[in-house]
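Inside the fold
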Amino acid sequence: MLSYRHSYHAGNHADVIKHLVEVAILLYLKKKDKPFCYHDSHAGAGLYSLNSEQALKTGEFGSGIGRLMQHQPQSAALAAYLELIRELNPNGQLQFYPGSPAIAKMLLRRDDSIQATELHPSDFPLLQAQFLNRRHCRIEQMDAYAGFRAMLPPLSKRGLVLIDPPYELKTEYQDLVKGLQQAYQRFPQAVYAIWYPVIERASIEAVIQAIVDTGIRNQLRIEYSPKADSEGFGMTGSGMLVINPPYTLATEMTEALQELSPLLADGTAQWQVTQLVGE
Ligand SMILES: C[S@@+](CC[C@H](N)C(=O)[O-])C[C@H]1O[C@@H](n2cnc3c(N)ncnc32)[C@H](O)[C@@H]1O
């Protein structure tokens, strides 16, 4: 069952947090001259029109990226993220929003490589079409975890693996923990960024604990909720669990979330940047 389409949610508050973290990690990896690999396990369609029927139906981008277009950023990470969004929307009108692979495409250098897997029969061709002319690129209509077995580790032995499942099915949390362990065994040098929703607090804490219990070292949790846990039904917040984070990431995200929190708040906002497991 693949009913999830990211076009309904592109640019919402959860995308802002996810992509802010992604941009900060990619910019860090670019500081070294050596090429690296970006691997996106649940890539989506890549680029989203915010004038589409789907985006306008939910209007979710209005309480995410829509609140930031006129903002003059102070923190470096927020500035870098907003620069990309503004580059895509040069006349200042918010029309397009980049998904995670499109962000990587904008930032990666000629010799860096991109690998992506996406299962949806409608989103996959949209994604594939955006990478037709790129070198060092492998885009497959393949299950995320089969993709780890087929493509990790990459030749470059450094990189970012972004894991962003839709969590439509309860089993996806178990699949995530198992898949992460398999990927990590193959490619322990990588930075892993795992997106998670805050829907029911106890359930997400159990998933995070299961990832901590894998024994994988160096785990940083970055989380932002525009609403208090009890204030809404559905997703009240989201986070990124980052394994092997750049040493600058915790400080960068603390500064960015201090600035972002009141801008995206929809009630009692809360955020945290917490080292869950040491190096
Ligand atoms: C949250 S969306 C991805 C959004 C994208 N990462 C971004 O930030 O722009 C999750 C995507 O995973 C895809 N998907 C679901 N199950 C999958 C699986 N087992 N393997 C690969 N892709 C899957 C869905 O079709 C959907 O497009």
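Cut-offs applied
- Residues numbered from 1 in each chain as written.
- Predicted model: local features only at pLDDT ≥ 70, side-chain atom pairs only at ≥ 80, totals over all residues.
- Heavy atoms only, no water.
- Near = heavy atom within 4 Å.
- Polar contact = N/O pair within 3.5 Å; in protein donor to acceptor, adjacent residues only side chain to side chain.
- Areas by Shrake-Rupley, 256 points an atom, 1.4 Å probe, with all protein chains shown as cover.
- Nonpolar A, V, L, I, M, F, W, Y, C, P; charged D, E, K, R; others polar.
- Helix = DSSP H or I, 4+ residues; strand = E, 2+ residues; numbered from the N terminus.
- Contact = heavy atoms within 4.5 Å.
- UniProt positions renumbered as here; feature names shortened; annotations may be inferred.
- 1 Å grid on protein atoms, 1.4 Å probe; cavity = no way out; pocket = protein on both sides within 12 Å on 5 of 7 lines; lining within 4 Å.
- Buried < 20%, exposed > 50% of the residue type's maximum accessible area, 1.4 Å probe, protein only.
- Salt bridge = Lys/Arg side-chain N within 4 Å of Asp/Glu carboxyl O.

What to know about the site of the ligand
Around the ligand, the structure places 19 residues, and the nearest of them are S100, E118, D143, A144 and D164. S100 places a polar main-chain atom, nitrogen or oxygen, 2.8 Å from an oxygen atom of the ligand. Within the complex, 95% of the 600 Å² of free accessible area of the ligand lies under protein. In terms of residue class, the shell around the ligand is made up of seven nonpolar, eight polar and four charged.

Considerations on the side chain of N89
Relative to the elements of secondary structure, N89 occurs in the loop between α3 (76–88) and β3 (96–98). Side-chain polar atoms of N89 contact the backbone nitrogen of F96, separated by 2.8 Å. In this structure N89 touches M69, L94, Q95 and F96, once residues within four positions along its chain are discounted.

Remarks on the UniProt feature "binding site: S-adenosyl-L-methionine" (unreviewed entry) in the chain
Under the feature "binding site: S-adenosyl-L-methionine" (unreviewed entry), the UniProt entry names H19, H42, S100, E118, D143, A144 and D164. Within the annotated group just given, the residues that line the largest pocket are H19, H42, S100, E118, D143, A144 and D164. Checked against the element boundaries, S100 lands in helix α4 (residues 100–107). For S100, a relative accessible area of 4% translates into the label buried. What S100 contacts, discounting residues up to four positions off in sequence, is H19, E22, Y38, D40, A43 and L162.

Brief notes about the pattern of salt bridges
Per the stated rule, a full pass over the model turns up twelve salt bridges. Notably, a salt bridge pairs R201 with E205, separated by 2.8 Å at the nearest N-O pair. With R201 and E205 both in helix α8 (residues 201–212), this residue pair falls four residues apart, about one helical turn. E205 is paired through a salt bridge with R221; the nearest N and O atoms lie 2.8 Å apart. Of this pair, E205 sits in helix α8 while R221 sits in strand β8 (residues 219–225); the two residues are 16 residues apart in sequence, bridging distant segments of the chain. For R221, a relative accessible area of 5% translates into the label buried. It is possible to trace a salt-bridge network through shared partners that takes in R201, E205, R221, E223 and D229.

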